[in-house]
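The residues making up each chain are set out below.
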Amino acid sequence: MTDQQEIPPARRRFMPGEGMPPWIPRALLVGVATVLVTLAGLWVLSRLRGLLFMVFVALFISFALEPAVQALAKRGWRRGFATTVVFLVAGGAILVFLAAIVPLLVSQTAALVQAAPGYLDRIERFLGTSLDLNLSVERLQAALSAAGQQVLSFSADIAGRVVGIGTAVLGFAFRLLTIAMFAFYFVADGPRFRRSLLSMLRPERQREVLRIWEIAVEKTGGYVYSRVLLAAASSVFTWVALRLIGVPYALALSLWVGVMSQFVPVVGTYIAAVLPTLVALFVSPVKALWVVALLVGYQQVENYLIAPRVTARTMAIHPAIAFGSVIAGVALVGGIGAVLALPTAATIQAVVSTAIERHQVVESRHTTVPAARPGSRVRRDRSTRAQPEDPAPTGSSG
């Protein structure tokens, strides 16, 4: 029989009376240290999640503004000065939008409260004469009065917490300034920042990071600029339509429709149409119907004629993926996640599509694509010619 001393220590069985093998304390120490480091890391992330979120938003803003700064830098502008100009233009556009919308919202809310009893009377007469329905206006007015009292009490309660409101406003302003500072640094000092980041990686890793970075800038910048073009087109059409119909506040309402319909995914179009419809309703119900009809008609023209040409080279993403990404973005980071979700999903889709290997598809009734009907035009996505997302099935890597 083989002597116990000749068995290697790694394969030797633990025998009673020999003591604990030396590797067990080391394994226990490594396990405990791993658990402690993991818990400490999770604690640090939980404490810094606000800062990490602001950095992520600032990185998104830098991706969106990078193409404009690069275009100015190619014309000989110093990068810091070009970044300042782009930031001032973007900030000025936001301030102009807020200056046009905030007074409109305040005035229309006050007008709605004052005109509510008259509109209830009109609704009662319309339902009674046209649909033979009896609607208790007194009950509705009582409900509105109760709701108004609740609003007033809530407002009084808020007024009693002026210090808390001021603290919240200061905190929001601090977060905005922090995001703006990080975004300015990421853009103005972008090349130096990327060099310091890439210096910690091997050359092949550097090329991969640069490729992903370029895709993120292309997709995010393309998304933002395509949205700006579509918002401008929507604003111009809405302004002309409202002026022809005779709806007041045409300029402010057109800016509202353009921004909300393009930068709020999924439900932005419906939210945008509510305010001009209400304003037109204060003037005449017929004008409100004209506003709804024109906005719905323009939305169809935009979906089928304008948007495909504007976004063809910027962000090709399936509608189901877009809808799911918006829901995921809202669930993860709230309302801002709805705006960040689409360019993030487009970037991930572009990176994955260029990294995975594609093979020839087995022909089956489950994989047969229906042929286009005679006389119908098949809209091709021109962005597929810029990146090999659907190459010919040759068995090579995509």
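Residues numbered from 1 in each chain as written. Predicted model: local features only at pLDDT ≥ 70, side-chain atom pairs only at ≥ 80, totals over all residues. Heavy atoms only, no water.

Digging into the overall build of the chain
Within the chain one finds 12 helices and 0 strands. Burial status across the chain gives 27% buried among its 398 residues. A separation of at least 24 residues holds for 67% of the contacts in the chain among residues at least 6 apart in sequence. (Helix = DSSP H or I, 4+ residues; strand = E, 2+ residues; numbered from the N terminus. Buried < 20%, exposed > 50% of the residue type's maximum accessible area, 1.4 Å probe, protein only. Contact = heavy atoms within 4.5 Å.)

Here we look at the pattern of salt bridges
Scanning the model with the defined rule gives 5 salt bridges in all. Notably, a salt bridge pairs Arg-194 with Glu-66, separated by 3.8 Å at the nearest N-O pair. In this pair, Arg-194 sits in helix α6 (residues 190-198) while Glu-66 sits in helix α2 (residues 49-74), placing the two residues 128 residues apart along the sequence. Classification of Arg-194 by relative accessible area gives buried; the value is 14%. Here Glu-66 falls in the buried class, since its relative accessible area comes to 3%. A salt bridge links Glu-208 to Arg-211; its shortest N-O distance comes to 2.6 Å. Here the residue Glu-208 and the residue Arg-211 both occupy positions in helix α7 (residues 203-245), the gap between them amounting to 3 residues, near one helical turn. (Salt bridge = Lys/Arg side-chain N within 4 Å of Asp/Glu carboxyl O.)

Examining the packing of aromatic side chains
Two measures describe an aromatic ring pair: the distance that separates the ring centres and the angle between the ring planes. Counted by the stated rule, this structure contains 9 aromatic pairs. When the centroid spacing of 5.5 Å and the interplanar angle of 35° are considered together, the rings of Trp-77 and Phe-81 count as tilted. Here Phe-81 falls in the partly exposed class, since its relative accessible area comes to 44%. Linked through ring pairs, Phe-63, Phe-182, Tyr-185, Phe-186, Phe-193 and Trp-213 together constitute an aromatic cluster. (Phe/Tyr/Trp six-rings, centres within 6.5 Å; stacked < 30°, edge-to-face > 60°.)

Comments concerning the confidence of the model for the chain
Averaged over every residue, the pLDDT of the chain is 76; residues scoring 70 or more account for 71%. When mean pLDDT is compared element by element in the chain, α2 scores highest at 89, while helix α4 (residues 137-159) scores lowest at 58. Between residues 375-398, whose pLDDT stays under 50, and residues either more than four places distant or in other chains, the model counts 33 contacts. (pLDDT = per-residue confidence, 0-100.)

Concerning the environment of Leu-176
For Leu-176, the location among the structural elements is in helix α5 (residues 162-188). With 118 residues separating them in the primary sequence, Leu-176 and Ala-58 have C-alpha atoms 9.6 Å apart.

Thoughts on the environment of Thr-83
Mapped onto the elements of the fold, Thr-83 is located in helix α3 (residues 79-130). A relative accessible area of 0% means that Thr-83 is categorised as buried. As for Thr-83 and Val-187, which are separated by 104 residues in sequence, their C-alpha atoms are 6.7 Å apart. Sequence-distant contacts of Thr-83, defined by excluding residues within four places in its chain, comprise Val-69, Phe-184, Val-187 and Ala-188.

Points about the nonpolar core
Core analysis: the biggest nonpolar cluster contains 19 residues, and Leu-242, Val-247, Leu-253, Trp-256, Leu-275 and Val-291 have the highest contact counts within it. Elements with a contribution of two residues or more to this core: α3, α7, α8 (250-263), α9 (268-283) and α10 (285-310). Counting residues per element, this core draws most heavily on α8, at 6 residues. With residues near it in sequence (within four places) discarded, Leu-242 still touches Val-247, Ala-250, Leu-253, Ser-254 and Val-291. Ranked by size, the runner-up nonpolar core spans 16 residues in total, among them Ala-64, Ile-179, Val-224 and Val-326. (Core = buried A, V, L, I, M, F, W, Y, C linked by side-chain atoms within 4.5 Å.)

Observations regarding the packing of α6 against α7
Interhelical geometry of α6 versus α7 gives an angle of 145° and a closest axis separation of 10 Å. The way α6 lies across α7 gives a crossing that is right-handed. When α6 is examined against α7, the residues Phe-193, Arg-194, Leu-197 and Leu-198 are found in contact with a partner set consisting of Gln-206, Val-209, Leu-210 and Trp-213. Grouping the amino acids of the contact of α6 with α7 by side-chain chemistry returns 6 nonpolar, 1 polar and 1 charged. (Axes fitted to C-alpha atoms, helices over the stretch in contact; angles between N-to-C directions. Left-handed = near helix turned anticlockwise from the far one by under 90°. Nonpolar A, V, L, I, M, F, W, Y, C, P; charged D, E, K, R; others polar.)

Overview of a nonpolar patch on the surface
A surface patch of nonpolar side chains, about 1000 Å² in accessible area, is lined by Val-32, Val-35, Leu-36, Leu-39, Leu-42, Trp-43, Val-44, Leu-45, Leu-48, Leu-51 and Leu-52. Among the secondary structure elements, those contributing two or more residues to the nonpolar patch are α1 (23-47) and α2. Per-element accounting of the nonpolar patch gives the leading share, 8 residues, to α1. (Patch = residues over 30% accessible without salt bridge, like charges linked within 9 Å, V, L, I, M, F, W, Y side chains within 5 Å. Areas by Shrake-Rupley, 256 points an atom, 1.4 Å probe, with all protein chains shown as cover.)

Focus: α2
Relative to the 38 Å expected for 26 residues at 1.5 Å per residue, α2 spans 37 Å between its end C-alpha atoms, a close match to the ideal helical length. Along its length, α2 shows its largest kink, about 40°, at Leu-65, and proline Pro-67 lies within four residues downstream of that point. Looking one or two residues beyond α2, the residue adopting positive phi is Gly-76, at roughly 100°. (Expected span 1.5 Å × (residues − 1). Bend = angle between axes of the 7 residues up to and from the residue.)

Side note on the packing of α7 against α8
For any two helices packed against each other, the geometry is given by the interaxial angle and the distance between the axes. Close contact between α7 and α8 brings their axes to 7 Å; oriented N to C, the two are set at 145°. Considering only the axes of α7 and α8, their crossing is right-handed. When α7 is examined against α8, the residues Tyr-223, Val-224, Arg-227, Val-228, Leu-230, Ala-231, Ser-234, Ser-235, Thr-238, Trp-239, Leu-242 and Arg-243 are found in contact with a partner set consisting of Ala-250, Leu-251, Leu-253, Ser-254, Leu-255, Val-257, Gly-258, Val-259, Ser-261, Gln-262 and Phe-263. Its residues placed into classes, the contact of α7 with α8 shows 14 nonpolar, 7 polar and 2 charged.

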